[in-house]
Amino acid sequence: MNILVANLGSTSLKFRLFRFDDAGGAVLLAKGGYERVTDYGRAIDDCLAELRAGGHVRSAADLHGVGFKAVLGRNLTGCVPADDRVIAALDGFREIAPAHNPPYATGIRRFREKLPGVPLVALFETAFYQWVPEAAARYAVPEAWHEAGVRRYGFHGASHKFVAERAAELLGRDDVAERVRRLYQAGPAPLPAGRPALRVVSCHLGGSSSVTGIRDGVAIGTSMGLSPQSGLPQNNRVGDLDSAAVPFVMKTLNLPLAEVERQMTKESGLLGLSGVSNDLRDIRSAALQVNPRAQLAIDVLVHATRRWIGAFLPDLNGLDALVFTAGIGENNPDLRAAICGGLDQLGLVLDPARNEAVLGREGEISAAGSRVKILVIPANEELVVARETLR
Ligand code: ADP
């Protein structure tokens, strides 16, 4: 079975083609993408031509499904056929994810036209948070706001789900790993009595970042809220901010709402703090040249990550594993060391040599005596989308 995973940006189309064997094992056959896309129809044609040239997919008939990592939809989540209902749900929350929802709605329409008969599937990034307790998902807003959709949805669901499953495997909890695999089919399965809870905090640190608390493979809460603008400081997006800041700058700096929104999404986050770049590599180089704003950007990211890790400890009643994933989490030992510093009383002790040695690959970085395992698990969101599409 050949499953194509399409990642749609406002001006880009990236794809990965997986082949699944009968046992569910997956091989990545091809990956590629196009930037500065103005015509999705053409980009899809180019993608299919590339797959044909690679000999993997001779025609659309060799494609058994296309999966989309959709962000969020109004009154819809989970893993569902990418049909008119999905397009309406994406349109309904266009205002919350303006950079993501319109391209997905357009892209799904164009894939449907170009590949009639090929099943299309949307896996929402919010799907992993369907079982978050209501108290952790609600904002203290008037009921009418809540009914309009103002609540915590959470994002990076495919990434944190992958971490939940892989961490369970690495910790020898196959029961929990199987529970994660089947989560979107039947909801959280009952666990055998008497097994201790598996308590994980997953730190997805990348161009955008979030921290999720996971008990027995199921999310109990996450740092992102109504939109992907919330939680940790992002590359150029603000993250958590007191809501009073918006009316304050509108009045005192005389900024119209559209300009405030632009600055919060394009000129804030690591870029706004550092004044250097939205990429941590550039910020680290600047910090090494003793640029205090660059160092502050790193310090703020570390502080926010630690704070969000701590946010889940009471509800989890402790921790078995702390996991780092995504571009920053996988490749920055010094940042991991800063995040894990001084946590020995909570049972977390990093092994400096292991930490330095694990770059862009899976590995344990905690010291031999550390009660809590500290793990690096490379992000594999596309595989999650492909597996759910196959199912
Ligand atoms: P996105 O969230 O856009 O998918 P990534 O997960 O790739 O992005 O994360 C991008 C961030 O990860 C950047 O800040 C970059 O500095 C960092 N990063 C990615 N790859 C590396 C690397 N090999 N070494 C150091 N930092 C990296």
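So, here's what we can say about the structure. (Residues numbered from 1 in each chain as written. Predicted model: local features only at pLDDT ≥ 70, side-chain atom pairs only at ≥ 80, totals over all residues. Heavy atoms only, no water.)

1. Section: the packing of aromatic side chains
We count it as follows: For this analysis, a ring pair means two rings from Phe, Tyr or Trp (six-membered ring only for Trp) whose centres lie within 6.5 Å, classed as stacked if their planes differ by under 30 degrees, edge-to-face if by over 60, and tilted for the remaining angles. A run of DSSP states H or I qualifies as a helix once it reaches four residues; a run of E qualifies as a strand once it reaches two. Both are numbered from the N-terminal end. Exposed residues in this analysis have more than 50% of their type's maximum accessible area, buried residues have under 20%, and partly exposed residues fall in between, with area computed by a 1.4 Å probe over protein chains only. Here, over-ring charges are defined by two tests on the NZ atom of lysine or the CZ atom of arginine: distance to the ring centre within 6 Å, and angle to the ring normal within 35 degrees.
In this structure the tally under the stated criterion is seven aromatic pairs. With a centroid separation of 5.3 Å and an interplanar angle of 80°, the aromatic rings of Phe68 and Phe111 are classed as edge-to-face. Of this pair, Phe68 sits in strand S4 (residues 65-68) while Phe111 sits in helix H3 (residues 101-114); the two residues are 43 residues apart in sequence, bridging distant segments of the chain. Relative accessible area serves as the criterion here: at 0%, Phe68 is assigned to the buried category. When the ring of Trp131 is compared with that of Tyr184, the centres are 6.4 Å apart and the planes differ by 20°; the resulting orientation is stacked. Of this pair, Trp131 sits in the loop between strand S6 (120-123) and helix H4 (134-137) while Tyr184 sits in helix H8 (residues 183-186); the two residues are 53 residues apart in sequence, bridging distant segments of the chain. Residue classification places Tyr184 among the buried positions, given a relative accessible area of 13%. Connected via pairs of aromatic rings, a cluster forms that spans Phe68, Tyr104 and Phe111. Lying over the aromatic face of Tyr184, Lys161 brings its terminal NZ or CZ to 4.9 Å of the ring centre.

2. Considering the side chain of Thr222
We apply this condition: Whenever two N or O atoms come within 3.5 Å, that pair is a polar contact, provided that in protein one can donate a hydrogen and the other can accept it, and provided that, for residues adjacent in sequence, both atoms are side-chain atoms.
Note on placement: Thr222 falls in strand S9 (residues 218-222). A polar contact of 3.1 Å, which involves the side chain of Thr222, links it to the backbone oxygen of Val211. Within the structure, the side chain of Thr222 is placed 2.8 Å from the side chain of Thr212, a separation counted as a polar contact.

3. Observations regarding the site of the ligand
Condition: In these notes, residues near a molecule or strand are those with any non-hydrogen atom within 4 Å of it. Working definition of accessibility: Shrake-Rupley area with a 1.4 Å probe, residue cover restricted to the visible protein chains.
Close to the ligand lie Gly206, Gly207, Ser208, Asp279, Leu280, Arg281, Ala326, Gly327, Ile328, Asn331 and Asn332, which account for all nearby residues. Gly207 places a main-chain nitrogen or oxygen 2.9 Å from an oxygen atom of the ligand. Between the ligand and Leu280, the relevant distance is 2.9 Å, taken from an oxygen atom to a main-chain nitrogen or oxygen of the residue. Relative to its free-state accessible area of 560 Å², the ligand is covered by the protein chains to the extent of 62%. Those elements that place two or more of their residues in the shell around the ligand are helix H12 (280-288) and helix H15 (326-331).

4. Some words on the sheet that holds strand S11 (residues 363-364)
For clarity, the cut-off: In short, DSSP must find at least two bridges between two strands for them to pair.
Spatial ordering of the open sheet is given by S9-S8-S7-S10-S12-S11, a layout of six strands whose pairing is mixed. Edge positions in the open sheet fall to S9 and S11, since each of these has one partner strand only.

5. Concerning the sheet that holds strand S2 (residues 13-20)
Operational definition: Lines fitted to C-alpha atoms define the axes here, with helix axes fitted over just the stretch in contact, and angles between the N-to-C directions of these axes take values from 0 to 180 degrees.
The mixed open sheet is built from six strands, whose spatial order is S3-S2-S1-S4-S6-S5. Of all strands in the sheet, those with a lone pairing partner are strand S3 (26-34) and strand S5 (79-81), marking the two edges. Averaged over all pairs of adjacent strands, the angle between strand axes in this sheet comes to 25°, irrespective of strand direction.

6. Observations regarding the nonpolar core
Definition in use: Only buried residues count toward a nonpolar core. Its members are Ala, Val, Leu, Ile, Met, Phe, Trp, Tyr and Cys residues joined through side-chain atoms within 4.5 Å. Contacts are assigned to residue pairs with any non-hydrogen atoms lying within 4.5 Å of each other.
Val201, Leu322, Phe324 and Leu335 are the most contacted members of the largest nonpolar core, which totals 37 residues. Of all elements in the fold, only strand S7 (199-204), H12, helix H13 (292-311), helix H14 (313-316), strand S10 (321-325), helix H16 (333-340) and strand S12 (373-376) reach the threshold of two or more residues within this core. Setting aside anything within four residues of it in sequence, one finds Phe324 in contact with Cys203, Leu205, Gly329, Arg336, Ile339, Cys340, Ile365, Ile374, Leu375, Val376 and Ile377. Counting residues in each nonpolar core, the second largest holds 36 residues, with Ala6, Cys47, Val57 and Ala70 among its members.

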